[in-house]
Amino acid sequence: MDTTQALVENPETDPPKHRPRFQVVVIPERCKECGLCIHVCPKNVLEKGIKANSRGYKYPVPVRPEDCVGCRLCEFNCPDFAIYVVPAG
Ligand code: SF4
Ligand code: SF4
């Protein structure tokens, strides 16, 4: 087994560290792919997704939801009200 590989964090394949405390909700049709939400997130929760909305804009995806601290900077900075954060159920 390659032990160096096992030490590298891989958010795509590693299991969640703990249950997410917040739910980050994206409304794909409102997004214009400006990337502001991705840029301002202090925990690197969001990444540009691979799917596009009907206008061809690739909207963000919360790829590390368990890291979200609920600061709502993504929500406050989105010019199109395309993302919001609520406590996890
Ligand atoms: S609420 Fe804060 S930590 Fe959570 S995704 Fe938005 S900017 Fe990132
Ligand atoms: S800030 Fe809003 S419009 Fe810009 S990429 Fe994020 S969700 Fe889309």
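For the structure itself, consult the block above.
Each value, and the rule that gives it
- Throughout, residues of each chain are indexed from 1 in the direction in which the sequence is written.
- All chains are assigned letters beginning at A, and all ligands numbers beginning at 1, according to the order in which they are written.
- In keeping with the predicted nature of the model, local features appear solely for residues at pLDDT of at least 70, side-chain atom pairs appear and are counted solely at 80 or more, and the whole-chain, interface and lining totals rest on all residues.
- Going along the chain from the N terminus, every DSSP run of H or I of four or more residues is numbered as a helix, and every run of E of two or more is numbered as a strand.
- Here exposure depends only on C-beta density: within 10 Å of a residue's C-beta, 20 or more other C-beta atoms make it buried, 12 or fewer make it exposed, and intermediate numbers make it partly exposed, the C-beta atoms being placed from the backbone.
- Only the C-beta atom, placed from the backbone, is used; a residue is near a molecule or strand if that atom lies within 6 Å of it.
- Classification used: nonpolar for Ala, Val, Leu, Ile, Met, Phe, Trp, Tyr, Cys and Pro, charged for Asp, Glu, Lys and Arg, polar for all others including Gly.
- Note on definitions: a nonpolar core is a set of buried residues drawn from Ala, Val, Leu, Ile, Met, Phe, Trp, Tyr and Cys, linked by C-beta atoms within 7 Å.
- Contact between two residues is assigned whenever their backbone-derived C-beta positions fall within 7 Å.
- In short, DSSP must find at least two bridges between two strands for them to pair.

**Student:** In this structure, what is going on with the overall build of the protein chain? I would like to understand it.
**Tutor:** Each helix and strand counted, the protein chain has 3 helices and 4 strands in total. Counting from the amino terminus, helix and strand elements in the protein chain follow one another as α-β-α-β-β-α-β. By the burial criterion, 19% of the 89 residues in the protein chain qualify as buried.

**Student:** Hey, could you run me through the site of ligand 2 in this one?
**Tutor:** In the neighbourhood of ligand 2, 14 residues make up the surrounding shell, with Cys31, Cys34, Cys37, Cys78 and Ala82 lying closest. Broken down by class, the residue content of the shell around ligand 2 amounts to 10 nonpolar, 1 polar and 3 charged.

**Student:** It is not clear to me how unusual backbone geometry should be interpreted in this structure. Could you clarify?
**Tutor:** The phi angle of most residues is negative, glycine excepted, and most peptide bonds adopt the trans form. Even without a glycine there, the phi angle at Arg72 is positive, about 65°. Structurally, the position occupied by Arg72 is in the loop between β3 (58-62) and α3 (73-77). Positive phi values are uncommon outside glycine, yet Phe81 reaches one of about 50°. Note that Phe81 resides in the loop between α3 and β4 (83-87).

**Student:** Teacher, can you tell me more about the site of ligand 1 here?
**Tutor:** Near ligand 1 there are 16 residues, and of these Cys41, Val45, Cys68, Cys71 and Cys74 occur at the shortest range. Sorting the residues of the shell around ligand 1 by element identifies β1 (22-26) and α3 as the ones contributing at least two each. Among the residues forming the shell around ligand 1, the class breakdown is 13 nonpolar, 1 polar and 2 charged.

**Student:** How should the nonpolar core be read in this particular structure?
**Tutor:** One broad trend across soluble globular proteins is that nonpolar side chains are buried collectively. If you look at the biggest cluster of nonpolar residues, it comprises 14 residues, and the most contacted ones within it are Val24, Val26, Cys37, Cys74 and Ile83. Every element with two or more residues in this core is listed here: β1 and β4. Not counting the four nearest positions on each side in its chain, Val26 is found in contact with Cys31, Tyr59, Pro60, Ala82 and Ile83.

**Student:** Quick question: what am I supposed to make of the environment of Ile38 here?
**Tutor:** Tracing the backbone through its elements, the reader meets Ile38 in helix α2 (residues 36-40). Sequence separation between Ile38 and Cys78 is 40 residues; the distance between their C-alpha atoms is 9.8 Å.

**Student:** What is the right way to read the pairing of strand β2 (residues 46-52) from this model?
**Tutor:** Working note: regular strand, side chains alternate between the two faces of the sheet. Relative to β3, β2 is paired through 4 bridges, and the arrangement is antiparallel. Opposite Lys48, over in β3, you have Pro60 as the bridge partner.

**Student:** Would you mind showing me how to read the environment of Arg19 here?
**Tutor:** Its location among the elements puts Arg19 in the loop between α1 (3-7) and β1. Classification of Arg19 as exposed rests on a count of 8 C-beta atoms within 10 Å. Along the backbone, Arg19 and Asp67 are 48 residues apart, and their C-alpha atoms lie at a distance of 9.3 Å. With residues near it in sequence (within four places) discarded, Arg19 still touches Glu66 and Ala88.

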